[in-house]
Amino acid sequence: MKGTHLGELEEMILLVIANLDNNAYGLNIRNFIRQKCDRSVSISTVHSTIHRLENKGFLRSKYSHTNSPERGGRPKLLFTITSSGRDAIKATMELRNALWKTIPGLSFE
Amino acid sequence: MKQPPRWIEKLLRRFIDPSLYDEVHGDMLEDYHYNVKHGGITAAKWKFILSAAGYFRYMHLLRFNRSTHNSTSMDIWKNYFISSYRNLARNKRYTAISLLGLVVGFASAIAILQYAFYESSYDSFHGEPIFRLTHTFTNNSGVSEGASTLMAMKEALLSEVPEVNKVTHFLSTGGTVKVQEEIYSGENIVGAAPDFFDVFRFRILGGNAVELDNPDVIFISESTASKYFGPEDALNQVVEMQGIFGQTWDARVGGVFEDIPMNSHLRIDIIFSETKILTAFREGNFFGNITFQEIPWRLLGFPTYVILEPGASHEQVISKANELIAINREAINKELDQKHEVWLQPVSEIHTTPGIQSEMSPTNDRKVILLFTFIAIFILAIAWINYINMATARSVTRGKEVGVRKVLGSHRKQLRNQFLLEAFILNAFGLFLSLLLVIPAAPYLEEIVGVRFFHTMWTNSELIIFIIGVLFLGSFVSGIYPAFTLSNFDCLEVIKGKLKYSSKGVILRRILVVSQFVFSIFLIAALLIVQSQMNFMLNHNLGISIDRTFLVSASGGASEPDNYPSKMRALVNEFMEIPGVESVSVSSIVPGIVNQWRNSTERRTGEGAGLFIHRSIIDENFMDLYEIDIIAGRNVSKSFANDGQSLIVNETTRKRLGYNSPEDILNEKIYFAGLEYNVIGVVDDFYQRGAHFAYEPMSFQLDTTLTGGFISIKFNTGNLRDLLSGIEDKFKSAFPDAPYNGRFLDTIFQNQYTAEFRFRNLFTIFSTIALLIACLGLAGLSSYIINQKMKEISIRKVLGASGSNLFVLLNKEYLVISILAFLGAGPAIYFLSPVWLQNFENRINVHPGFYIVPLVIITSVVLLTTISYTLRAIHVNPSRMLKEE
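Keep in mind that what you see is a predicted model, and the values were worked out from it rather than measured.

Peer 1: For the overall build of chain B, give the residues involved together with the corresponding values.
Peer 2: The secondary structure content of chain B amounts to 30 helices and 27 strands. Split into buried and exposed, the 885 residues of chain B put 38% on the buried side. The long-range fraction of contacts in chain B, counting pairs at least 24 apart against all pairs at least 6 apart in sequence, stands at 81%.

The structure is reproduced here in structure tokens:
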């Protein structure tokens, strides 16, 4: 896919997945965003974004067959961040930091 | 545990990319169960539906998107497009011919169908089914149907027929309106009660319908309001109503209603309170010795509309209504030997049912609409046939392409798709261009038709669906045959060059050409018949002289009955002084205008009682001015003291009353409405309304009081400008308050035929278009066929065939086709022409010429279109054709 550029939601979801540590699947990610980030996204938006990230190579996925009746026997698709994904959020963070630092007349401790 | 909606799951399963489905479905289920626990099942279901809908925003999550990622099918379609385009571009001539046909065909079809849809959309907007009590009147001179019924019907239905939910009626009165200093005439004025707005749900923009009970209140339409008062608020303005049953009163605008749509049979600008009519009837003496109580069951003229209770039986309502009439009119019916009945006519059918008298707006025969729809289909069919013919004729060239494609691995299905796509591209492009053609042509067509029917085009969902349907149907119909035959070619034979043309294709092409010819011959014959009928009618001897006659309408003295006759006499004398005026006549009616004044006779003895006779009040000059022949007796004359009680009848009256010769009826007595008249003369028949109607029974009596409403002026000068301005000036100085309305009588007569003229013009335009497209296609086809036969022709020439041999060879097919088509078209002409001609009382005979001339025309047109190609083929140097190989 095109470049390593990350959208705002993409960045957030990558960070959430990193936070969730081995238990990151669609619904869980959405719930985390709702609770921790106080932001309402729909499940389809989450799915759309994580698959876009996977296509970009920032995420890796595997099925986890937990026998949960609530899911109607459907497996969870768990996501973990790849090393290029890690690079990408890092690069984003560094770019931001660099930009913050060069704003004239502002300094941060 | 409660499950989420199954159909949503099915939908997801169908559309979500299969590799994602497990995950998505699992997550959604988990969310759903969580929501069920924490928010209740209904909310959970809604959330489930909403989040499912969310997936459709992300195309990459859906199935059909995946399939286009990799496959070659997209490239194949692209290739089809390119090769279709190249093919169409390479054969510019044939493409242009097919395209031109399609463009004109689509444009005509769209225009005609919009017209047909518009004409059948009349009164379809009322919401509730409304029925009109249409009146059937029977007496010994026949049966006639009228738009209006007895005044008493409304009250009678309300009190005696429980199946009737709502009833309203109104009476058209005419009259003029004076607003400030301006006088408006020609408005559609009716008297009605508030229940008018219960039945017809026209929006009231200001005011309350109940106010219509107040005798001095009028309701006016939105456009009338802006005509009278401009931007000012019309409510509570005061206008003067004039000349309604001899009354003049100041009326207050109590309400404004939205304009009644043009596609309604109702034409109403002003509604005044019905109570005003009742007062007039009670106080005025309009009906001789008929008492006020007797009026409702005797007076016709009220169009009456009902809404029935749900589930009411129409038959029962009709029979109850007729029973009421029969009981209440028993004595009168017996005396006059008449029968009155009503039936329920759905308002939506009023516009398309001709033959009902005194409709508010002109009707349009369903058959005419159907005829034009057929012509639209003809035109489209001819255009598609052109395409098919061109496509099959080109099959030899296309065959090579097909062969190569097949060798390279094309499937039959892919080839078919390609040819269908080609047809689609041409059809779609044609449709697009035709829309560009229709839009600027619309105003001209509306003028010809006389109806503004295009404004609903873009909101007419039926038409839009139809256009899209036609596009796909057209692509399919015109593409399917070439697609199937061409894709079935055996590639080896094609490439070896064995294939010339398949005999199947030739047979189909012949069938198609024959059917085009059938249409064409039929249309030419129909054109000839329409034209000759119109000419026949226009040149028909009316029995009177209508040229060099100018007509001025006067008020008839409604507003100033006392000094009207003396003013009128003075005016006539002044008119006579205008240079060029030959004679002047004042009468209640003139030829060319429908005479609504009829009375039934009461011939006290013998047959003929109850015959309806049109009455005219004339002066001494009338017969001379109109050159009406008096065949027995004498003209009315002031020199006979009692000529007020004398009557002149026409031949039709004489015959209907059962007298054998004009002399027999002289000095006989005829009774009208209780008065006795002495017959003093008999005149020859003439056409009151134009030659498409029969002669009517008429009578004439001397106008002793000069209250006639029409002044006829015969002139013998070419200086029309001075004449007309002289007439207008004199009229205005005599009647400064009356609206001036002057017209030439021959124009009035021409206007009698407006509907027929429109029909003729429309018919001429569209059948000419159909014929041109057919010729165009034929020319293209024959040029192509001759091109293919060049080699054959050259060989024949080398072997000694003469030019005439070749000419016959190349054209005999068309002669056979013409004859075959004639056999098809003949019966159609034979059976269909009477359907149209029966509308005319005086009609032409459909003699053999109407069959032979179209055949001759079509054959010679065909020969003319093919002759240049034929001649070129004959004159070409054979060596040029033969050395190519």
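Peer 1: Report on the overall build of chain A, specifying residues and quantitative values.
Peer 2: When helices and strands are tallied, chain A shows 4 helices and 2 strands. Along its sequence from the N terminus, chain A presents helices and strands in the succession α-α-α-β-β-α. Sorting the 109 residues of chain A into buried and exposed places 30% on the buried side. Intrachain contacts of chain A at a sequence separation of at least 6 include 51% that bridge at least 24 residues.

Peer 1: Run through the interface of chain A and chain B, naming residues and quoting values.
Peer 2: Between chain A and chain B, the residue contacts involve 17 residues of the former and 18 residues of the latter. Contributing elements (two or more residues each) for the side of chain A that touches chain B: α2 (26-36), α3 (43-56) and β2 (76-81) of chain A. Residue contributions to the side of chain A that touches chain B peak at 6 residues, all from α3(A).

Peer 1: Residues and numbers for the pairing of strand β2 (residues 142-146) of chain B, please.
Peer 2: Side-chain positions along a regular strand alternate between the two faces of the sheet. Residues and elements named next belong to chain B. Sheet analysis places strand β1 (residues 131-139) next to β2, joined by 5 bridges and oriented antiparallel. For H135, the partnering residue across the bridge sits in β2 and is G146. Sheet topology note: the β2/strand β16 (residues 356-357) ladder contains 2 bridges and is parallel. Opposite G146, over in β16, you have Q357 as the bridge partner.

Peer 1: Mind laying out the confidence of the model for chain B, listing which residues take part and the relevant values?
Peer 2: For chain B, per-residue confidence averages 84 on the pLDDT scale, and 93% of positions sit at 70 or higher. ipTM for the predicted complex: 0.84, alongside a pTM of 0.69.

Peer 1: How would you explain the nonpolar core if you had to name every residue and give the values?
Peer 2: In a soluble, globular protein the nonpolar side chains are often hidden away together inside. Residue and element names in this part refer to chain B. Counting residues in hydrophobic clusters, the biggest one holds 84 residues, and the most contacted among them are I112, I379, I521 and A770. With sequence-adjacent residues up to four places away left out, I379 is seen in contact with G105, S108, A109, F766, I769, A770 and I773. Counting residues in each nonpolar core, the second largest holds 57 residues, with M153, L212, I270 and V306 among its members.

Peer 1: Give me the lowdown on the sheet that holds strand β27 (residues 742-744) of chain B, citing residues and values where you can.
Peer 2: Residue and element names in this part refer to chain B. With antiparallel pairing, the 4 strands of this open sheet are ordered in space as β18-β26-β17-β27. Where the open sheet ends on each side, the last strands, each with one partner, are β18 (581-587) and β27. The average angle at which neighbouring strand axes cross in this sheet is 20°, direction not considered.

Peer 1: Go over the packing of helix α6 (residues 92-120) of chain B against helix α26 (residues 754-788) of chain B, please, and point to the residues and values.
Peer 2: All names here are of chain B. Viewed as axis vectors pointing N to C, α6 and α26 meet at an angle of 165°, and their least axial separation amounts to 10 Å. By the criterion of interaxial angle, the relationship of α6 to α26 is roughly antiparallel. Between α6 and α26 lies a crossing of left-handed hand. Along the contact surface, α6 presents Y94, I97, L100, G101, V104, G105, S108 and I112, while α26 presents F766, I769, I773, L776, G777, G780 and Y784.

Peer 1: Help me get a handle on helix α17 (residues 461-487) of chain B, residues and values and all.
Peer 2: Between its first and last C-alpha atoms α17(B) spans 37 Å; for 27 residues at 1.5 Å apiece the expected length is 39 Å, and the two agree. At B:G479, α17(B) shows its largest bend, some 40°, and a proline, B:P482, comes one to four positions later.

Peer 1: Provide a residue-level description of unusual backbone geometry, including the pertinent values.
Peer 2: Residue and element names in this part refer to chain B. Of note, N236 is a non-glycine position whose phi angle comes to about 65°, a positive value. A positive phi angle, close to 55°, is found at E627, a residue other than glycine. Structurally, the position occupied by E627 is in the loop between α21 (622-625) and β21 (630-633). Judged by the 12 C-beta atoms lying within 10 Å of it, E627 falls in the exposed class.

Peer 1: Lay out the packing of α2(A) against α3(A) in plain terms, naming residues and giving numbers.
Peer 2: All names here are of chain A. Across the interface, α2 lies against α3 with an axial gap of 9 Å and an inter-helix angle of 115°. One element, α2, and the other, α3, form an angle in the roughly perpendicular class. Once α2 is placed against α3, the crossing between them reads as right-handed. Residues G26, L27, I29 and R30 of α2 form the contact with α3, whose participating residues are I43, V46, H47 and I50. Across the contact of α2 with α3, the residue classes break down as 5 nonpolar, 2 polar and 1 charged.

Peer 1: So, the confidence of the model for chain A: which residues are in play, and what are the values?
Peer 2: When pLDDT is averaged along chain A, the result is 83; 91% of the residues meet or exceed 70. Mean pLDDT values over the elements of chain A span from 86, in strand β1 (residues 59-64) of chain A, up to 89, in helix α1 (residues 8-20) of chain A.

Peer 1: Describe in detail the environment of B:L657, supporting the description with residues and values.
Peer 2: Residues and elements named next belong to chain B. Position of L657 among the secondary structure elements: in the loop between α22 (651-656) and α23 (662-665). Residue classification places L657 among the buried positions, given that 22 C-beta atoms sit within 10 Å. In this structure the C-alpha to C-alpha distance between L657 and T601, which are 56 residues apart in sequence, comes to 9.5 Å.

Peer 1: Give me the environment of B:F137: which residues, what numbers.
Peer 2: Residue and element names in this part refer to chain B. Looking at the secondary structure, you find F137 in strand β1. The exposure class assigned to F137 is partly exposed, which follows from the 17 C-beta atoms found within 10 Å. Look past the residues within four positions of F137 in its chain and what remains in contact with it is S144, G146, Q338 and H340.

Peer 1: Can you lay out the environment of B:G681 for me, pointing to particular residues and giving the numbers?
Peer 2: Within the secondary structure, B:G681 is located in strand β24 (residues 675-683). In this structure B:G681 comes out as buried when scored by C-beta crowding, with 21 C-beta atoms within 10 Å.

The rules we used
Residues numbered from 1 in each chain as written. Chains lettered and ligands numbered in written order. Predicted model: local features only at pLDDT ≥ 70, side-chain atom pairs only at ≥ 80, totals over all residues. Helix = DSSP H or I, 4+ residues; strand = E, 2+ residues; numbered from the N terminus. Buried ≥ 20, exposed ≤ 12 C-beta atoms within 10 Å, placed from the backbone. Contact = placed C-beta atoms within 7 Å. Pairing = 2+ DSSP bridges. pLDDT = per-residue confidence, 0-100. Core = buried A, V, L, I, M, F, W, Y, C linked by C-beta atoms within 7 Å. Axes fitted to C-alpha atoms, helices over the stretch in contact; angles between N-to-C directions. Parallel < 35°, antiparallel > 145°, perpendicular 65-115°, else oblique. Left-handed = near helix turned anticlockwise from the far one by under 90°. Expected span 1.5 Å × (residues − 1). Bend = angle between axes of the 7 residues up to and from the residue. Nonpolar A, V, L, I, M, F, W, Y, C, P; charged D, E, K, R; others polar.

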